[in-house]
Amino acid sequence: MNISVLALDGVFDTGLATMLDVFGTANELVGMLVSPPGRFTTTIVGVSASVRTAQGLQVPVVAMGSQPDPDWLVIPAIGQKMPGPLADALKRSDIADATKALRAAAETGTRIGAACIGTFILAETGLLDHRPSTTTWWLAPMFRQLYPRVRLDAARMLINDGQFATAGAALGHIDLALMIIRQTSPELAALTAKYLIVDSRPLQSAYAISDHLAHSNPLVERFERWARDHRRRVQSRRSSHCTRRQQAHAVATGQRSARQDAAILFSGSARRAGCAFVENHIRPRRRDRREGRL
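I will try to describe carefully the structure that is included in this document. (Residues numbered from 1 in each chain as written. Predicted model: local features only at pLDDT ≥ 70, side-chain atom pairs only at ≥ 80, totals over all residues. Heavy atoms only, no water.)

## Considerations on the overall build of the protein chain
- Of the regular secondary structure elements, the protein chain holds 12 helices and 11 strands.
- Sequence separation of at least 24 residues holds for 69% of the intrachain contacts in the protein chain that already meet a minimum separation of 6.
- Put simply, the protein chain shows about 14800 Å² of open surface, and 50% of that area lies on carbon and sulfur atoms. (Helix = DSSP H or I, 4+ residues; strand = E, 2+ residues; numbered from the N terminus. Contact = heavy atoms within 4.5 Å. Areas by Shrake-Rupley, 256 points an atom, 1.4 Å probe, with all protein chains shown as cover.)

## Focus: the sheet that holds strand E5 (residues 62–63)
- Taken together, seven strands build an open sheet; the order of strands is E5-E2-E1-E6-E7-E11-E10 and the sheet is mixed. Both outer strands of the open sheet, E5 and strand E10 (158–161), are each paired with one neighbouring strand and no more.
- Bridging between strand E1 (residues 2–6) and strand E6 (residues 72–75) involves three bridges; their strand directions are parallel. Looking across to E6, one finds that Ile 3 is bridged to Trp 72.
- Across the sheet, helix H6 (residues 172–184) is in contact with E1, E6, strand E7 (111–115), E10 and strand E11 (164–167); its angle to E7 comes to roughly 155°. (Pairing = 2+ DSSP bridges. Axes fitted to C-alpha atoms, helices over the stretch in contact; angles between N-to-C directions.)

## Considering the pattern of salt bridges
- Counting across every chain of the model gives three salt bridges.
- For the salt bridge of Asp 161 with Arg 131, the shortest nitrogen-to-oxygen distance reads 2.8 Å. With Asp 161 in strand E10 and Arg 131 in the loop between helix H4 (118–124) and strand E8 (132–133), the pair connects residues that are 30 residues apart, well separated along the chain.
- The class of Arg 131 is partly exposed, set by a relative accessible area of 26%.
- Between Arg 156 and Asp 153 there is a salt bridge whose closest N-O contact spans 3.9 Å.
- With a relative accessible area of 33%, Arg 156 lands in the partly exposed category.
- According to the relative accessible area criterion, Asp 153 is partly exposed, its value standing at 31%. (Salt bridge = Lys/Arg side-chain N within 4 Å of Asp/Glu carboxyl O. Buried < 20%, exposed > 50% of the residue type's maximum accessible area, 1.4 Å probe, protein only.)

## Some details on the packing of aromatic side chains
- Tallying each qualifying case throughout the model produces five aromatic pairs.
- Both rings, one in Phe 23 and one in Phe 40, keep their centres 5.7 Å apart while their planes meet at 40°; by these two values the pair is tilted. Residue Phe 23 is found in helix H1 (residues 13–29), and its partner Phe 40 is found in the loop between H1 and strand E2 (41–46); the two are separated by 17 residues along the sequence. The pair formed by Phe 23 and Phe 40 is uniform in burial state, with each residue classed as buried. (Phe/Tyr/Trp six-rings, centres within 6.5 Å; stacked < 30°, edge-to-face > 60°.)

## What to know about helix H3 (residues 93–107)
- Across its 15 residues, H3 extends 22 Å between first and last C-alpha, which sits within 8% of the 21 Å expected from 1.5 Å per residue.
- Inspection of H3 places Asp 94, Ile 95, Ala 98, Thr 99, Leu 102, Ala 105 and Ala 106 among the buried residues, and these make up the whole buried set. Taken down its axis, H3 places every buried residue within 140° of arc, on the same side. Counted as exposed and oriented over 90 degrees from the buried face of H3: Ser 93, Lys 100 and Glu 107. (Expected span 1.5 Å × (residues − 1). Arc of directions from axis to C-beta.)

## Thoughts on a nonpolar patch on the surface
- Taken together, the side chains of Met 32, Tyr 195 and Leu 196 make up a nonpolar region of the molecular surface, amounting to roughly 300 Å² of accessible area.
- Within the fold, Leu 196 resides in the loop between helix H7 (186–195) and helix H8 (210–215).
- Of the residues examined, Leu 196 reaches a relative accessible area of 34% and is grouped as partly exposed. (Patch = residues over 30% accessible without salt bridge, like charges linked within 9 Å, V, L, I, M, F, W, Y side chains within 5 Å.)

## Some words on unusual backbone geometry
- Of note, His 130 is a non-glycine position whose phi angle comes to about 65°, a positive value.
- Relative to the elements of secondary structure, His 130 occurs in the loop between H4 and E8.
- With phi around 45°, Ala 170 is a residue other than glycine that occupies positive phi space.
- Tracing the sequence through the fold places Ala 170 in the loop between E11 and H6.
- Residue class for Ala 170 comes out partly exposed when judged on its relative accessible area of 27%.

## Examining the packing of H6 against H7
- Two numbers describe how H6 lies on H7: the axes approach to 6 Å, and their chain directions differ by 145°. Residues Leu 178, Ile 181, Arg 182 and Thr 184 of H6 pack against Pro 186, Leu 188, Ala 189, Thr 192 and Ala 193 of H7.
- The residue inventory of the contact of H6 with H7, partitioned by class, reads six nonpolar, two polar and one charged. (Nonpolar A, V, L, I, M, F, W, Y, C, P; charged D, E, K, R; others polar.)

What follows is the structure, encoded as structure tokens:
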């Protein structure tokens, strides 16, 4: 099986190395099977003449399109892990070139997989529109904002939707590589996982930090700013009472009614973040006032 690994400038070192190592380990173990499948031939391809990893290591690449026709084309993450730097990276010319090449590959029927932040590269092509997909858990709010047509399920570690497959954060690269091996030989995939000590992890939600996700919500950020301003205004008064209606109007976006914003603000992770803010900042102040410390 021919595997092309697309390395973009600043590629995430762990992601690239992990994929290559999983396929390499499978090749080493294939002889242990009674009915061994074919070996995996990996080619690192690029859209630039020179590629360096996020840690500055030079990566030898061949021009994308000049390699043997791949059975799978996989996209490791790039090294920008936070929303701001990632947004800037997505504007790069080499990523625009990569999206064009990916669309051309998809038209020929090539199967394409992406892991971690590589899912953003694949989503940039529009190929994931209206398809179930996953991504890096802590960038799920950004992903939803940029690609609203994608049916995102960020709780999942791996989603295989036929021609396209997506995997979650960081070591989701391993899950994607093992899935590709499993399509050739479930026995070899299981053996490779055992040698690499890879546990089954169908969900990445168990690793997600809910507070981080909540604070990635612009509505929650506006609520916290309003709550801080409200606390300062009432410091000289005896009561800091306010209604949910007041809170919802304070954070209204103008795109939704205050009632809709209130429903978002007081439900799910946003509600938990709001409650945490009140517990940590508002209620201690009220208690201090009652006990005469303010």
